[in-house]
Amino acid sequence: QLAGVLDDCLCDIESIDDFNTFKIFPKIQKLQERDYFRYYKVNLKRPCPFWADDGHCSIKDCHVEPCPESKIPVGIKAGSSNKYSKAANNSKELEDCEQANKLGAVNSTLSNQSKEAFIDWARYDDSQDHFCELDDERSPDAQYVDLLLNPERYTGYKGPSAWRVWNSIYEENCFKPRSVYRPLNPLAPSRGGDDGESFYTWLEGLCLEKRVFYKLISGLHASINLHLCANYLLEETWGKPRWGPNVKEFTRRFDPVETKGEGPRRLKNLYFLYLIELRALSKVAPYFERSVVDLYTGNGHEDAESKALLLDIFRDTKSFHMHFDEKSMFAGDKKGAKSLKEEFRLHFKNISRIMDCVGCDKCRLWGKLQTQGLGTALKILFSEKEIQSLPENSPSKGFQLTRQEIVALVNAFGRLSTSIKELQNFKVLLQKTR
């Protein structure tokens, strides 16, 4: 039942399907396999700041296997000073790695000028520009995870604990008055005769920004649900698990009849989120096109190939002719726009903190990564002027991305690209079952 033009933007679903299938999906899959993008540093032990922890998911599929230090490419683990550039790593590579770890942000082999630049970077990174609560990479609890060895899939984590996380995100962080009942999912207890339509009447009455915020969260929720349906534990015989698409689970979560019309709306929000992150990638391209930016891992040949592939994807994102126009957001009077943007940022930051309340480590890992990816996309969309005025041959003071943000941005968009591809697959499977 998904077709036609999306609300709040001049783009149709069929165009996105074709663009994703033939241009984006094959390339982003390849990019996610490169060393620079497959290792993500995350702290899965941060306590939930909102309620007492109600127990961790003990199912074995919830477990995340951290990556041993010896497996991490030398250029990645060399401390936050080596965000990208080879210039920071010219001499005595291995020894300096250890030293950079001890020194944290500043590598002792750098010139004073470079040190100052890196300090500027760090200062900017700590500024109020983030849409996410970032993990402290220097925390002893922060560990590298190989994303390819810990894929996002159905783990069996569900019930009140999972329900409370999403409920908290929607109820407290989507600019929503408590008097308006929002249809959460088919398992939600219904409130009398209200089928949720009053929520959509209310939503239509909101300003564009607040509507967009709700759609982004709903799209992220839909995308995560799609991954779980597409990579479901179908059977486990003789200790050999078989994972694959579960049509019944997909129908339960997205079918218009089973979800009282909610399912198609959620999937449309997934497309909307895809457009927002696609727009961010096209906007951030000038940042990476500069020669000063290397995707540094220590392997020169691989780094050059990774950057070439990333730039190729940027060219594709720029060629898309129906981008979301973010200029329509925060376009009112300056004072009102500024306070609304700040409200937007704080709501989103709160959502990133709620991800520390997810009881299943694997779900927490991918929840944190995808939230950070979306937060980074928002940061990009609201930093257009700073990106346009970046210097070509020196570290930028006005706009900066950490390696964590870059890895999250690419992998989060990779997940959305996969969701849209999986949706095509489910359409085919549903036709076969009819």
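If you look the chain up in an unreviewed UniProt entry, it shows as ERO1B protein from Cephalopterus ornatus. Here is the UniProt Subcellular location (unreviewed entry) comment for the chain, exactly as written: "Endoplasmic reticulum membrane".

*Asks:* Describe the packing of helix α8 (residues 247-254) against helix α9 (residues 262-289), listing the residues and the values that go with them.
*Replies:* Running from N to C, α8 and α9 cross one another at 95 degrees; their axes reach a closest spacing of 7 Å. Classified by the interaxial angle, the pair formed by α8 and α9 is roughly perpendicular. Taken together, the residues of α9 that come into contact with α8 (itself represented by F250, R253 and F254) are G263, P264, R266 and L267. Taken together, the residues of the contact of α8 with α9 break down into four nonpolar, one polar and two charged.

*Asks:* Let's hear about the side chain of Q370: which residues, and what values?
*Replies:* Along the chain, the position of Q370 falls in helix α12 (residues 361-381). Assessed through its relative accessible area of 1%, Q370 is described here as buried. Setting aside chain neighbours within four positions, we find Q370 in contact with E152, L220, S223, I224, H227, A412 and R415.

*Asks:* Residue-level account of the packing of aromatic side chains, with values.
*Replies:* This model, assessed by the stated rule, comprises 14 aromatic pairs. Taken together, a centroid distance of 6.1 Å and an interplanar angle of 35 degrees make the contact between W166 and Y170 tilted. Taken together, the residues W166 and Y170, both in helix α5 (residues 160-173) and four residues apart, mark about one turn of the helix. Of the two residues, W166 and Y170, neither departs from the other in class, the shared state being buried. Grouped by ring-pair contacts, the aromatic residues F213, F344, F348 and F382 constitute a single cluster. Stacked on the ring of Y36, the Lys or Arg R403 has its end atom at 5.0 Å from the ring centre.

*Asks:* Outline the UniProt feature "binding site: FAD" (unreviewed entry) in the chain, listing residues and values.
*Replies:* When the UniProt feature table is mapped onto this chain, "binding site: FAD" (unreviewed entry) is found at R153, T155, W166, S218, H221 and R253. Residue W166 is classed as buried on the basis of its relative accessible area of 16%. For W166, the residues in contact, after removing those within four places along its chain, are I217, H221 and I224. The contacts of S218, once residues within four sequence positions are left out, are Y170, R266 and N269.

*Asks:* Which residues make up the UniProt feature "active site" (unreviewed entry) in the chain, and what values do they have?
*Replies:* Following the UniProt record, one finds the feature "active site" (unreviewed entry) at C360 and C363. Along the polypeptide, C360 turns up in the loop between α11 (334-354) and α12. Position of C363 relative to the elements: it lies in helix α12. Contact partners of C363, with chain neighbours within four places excluded, come to T155, Y157 and V358.

*Asks:* Mind laying out the pattern of salt bridges, listing which residues take part and the relevant values?
*Replies:* According to the stated counting rule, one finds 17 salt bridges in the structure shown. Note that K283 and E384 form a salt bridge whose closest N and O atoms lie 2.6 Å from each other. Of the two residues, K283 sits in helix α9 while E384 sits in helix α13 (residues 384-388), which places them 101 residues apart along the sequence. Residue K318 is joined to E289 by a salt bridge in which the shortest nitrogen-to-oxygen separation is 2.8 Å.

*Asks:* So what's going on with helix α6 (residues 197-204)? Residues and values would help.
*Replies:* Those residues of α6 that fall on the buried side of the exposure criterion are F199, Y200, W202 and L203. Within α6, the buried residues cover an arc of 160 degrees as seen down the axis, which keeps them to one side. Here the buried face of α6 lies against α7 (208-230) and α9.

*Asks:* How would you summarise the packing of α9 against α12 if you had to cite specific residues and measurements?
*Replies:* Contact geometry of α9 with α12 gives a least axis separation of 9 Å together with a crossing angle of 55 degrees. With respect to each other, α9 and α12 are oriented oblique. For the pair α9 and α12, the sense of crossing is left-handed. Residues L273, I276, E277, R279, A280, K283 and V284 of α9 touch α12, and the partners they reach there are G373, L374, A377, I380 and L381.

*Asks:* Give a detailed account of the nonpolar core, specifying residues and quantitative values.
*Replies:* Ranked by internal contacts, the top residues of the largest apolar core, which has 107 residues, are I16, F250, Y274, V284, F288, F344 and L365. Sorting elements by how many residues they give to this core places α9 first, with 15 residues. For I16, the residues in contact, after removing those within four places along its chain, are L6, C11, Y271, Y274, L275, F320 and I420.

*Asks:* Please provide a residue-by-residue account of the environment of A408, values included.
*Replies:* Relative to the elements of secondary structure, A408 occurs in helix α14 (residues 403-433). Judged by its relative accessible area of 0%, A408 is buried. Measuring from C-alpha to C-alpha, the distance between A408 and Q372 comes to 5.9 Å, with 36 residues separating the pair along the chain.

Rules and cut-offs
Residues numbered from 1 in each chain as written. Predicted model: local features only at pLDDT ≥ 70, side-chain atom pairs only at ≥ 80, totals over all residues. Heavy atoms only, no water. UniProt positions renumbered as here; feature names shortened; annotations may be inferred. Axes fitted to C-alpha atoms, helices over the stretch in contact; angles between N-to-C directions. Helix = DSSP H or I, 4+ residues; strand = E, 2+ residues; numbered from the N terminus. Parallel < 35°, antiparallel > 145°, perpendicular 65-115°, else oblique. Contact = heavy atoms within 4.5 Å. Nonpolar A, V, L, I, M, F, W, Y, C, P; charged D, E, K, R; others polar. Buried < 20%, exposed > 50% of the residue type's maximum accessible area, 1.4 Å probe, protein only. Phe/Tyr/Trp six-rings, centres within 6.5 Å; stacked < 30°, edge-to-face > 60°. Lys NZ or Arg CZ within 6 Å of the ring centre and 35° of its normal. Salt bridge = Lys/Arg side-chain N within 4 Å of Asp/Glu carboxyl O. Arc of directions from axis to C-beta. Left-handed = near helix turned anticlockwise from the far one by under 90°. Core = buried A, V, L, I, M, F, W, Y, C linked by side-chain atoms within 4.5 Å.

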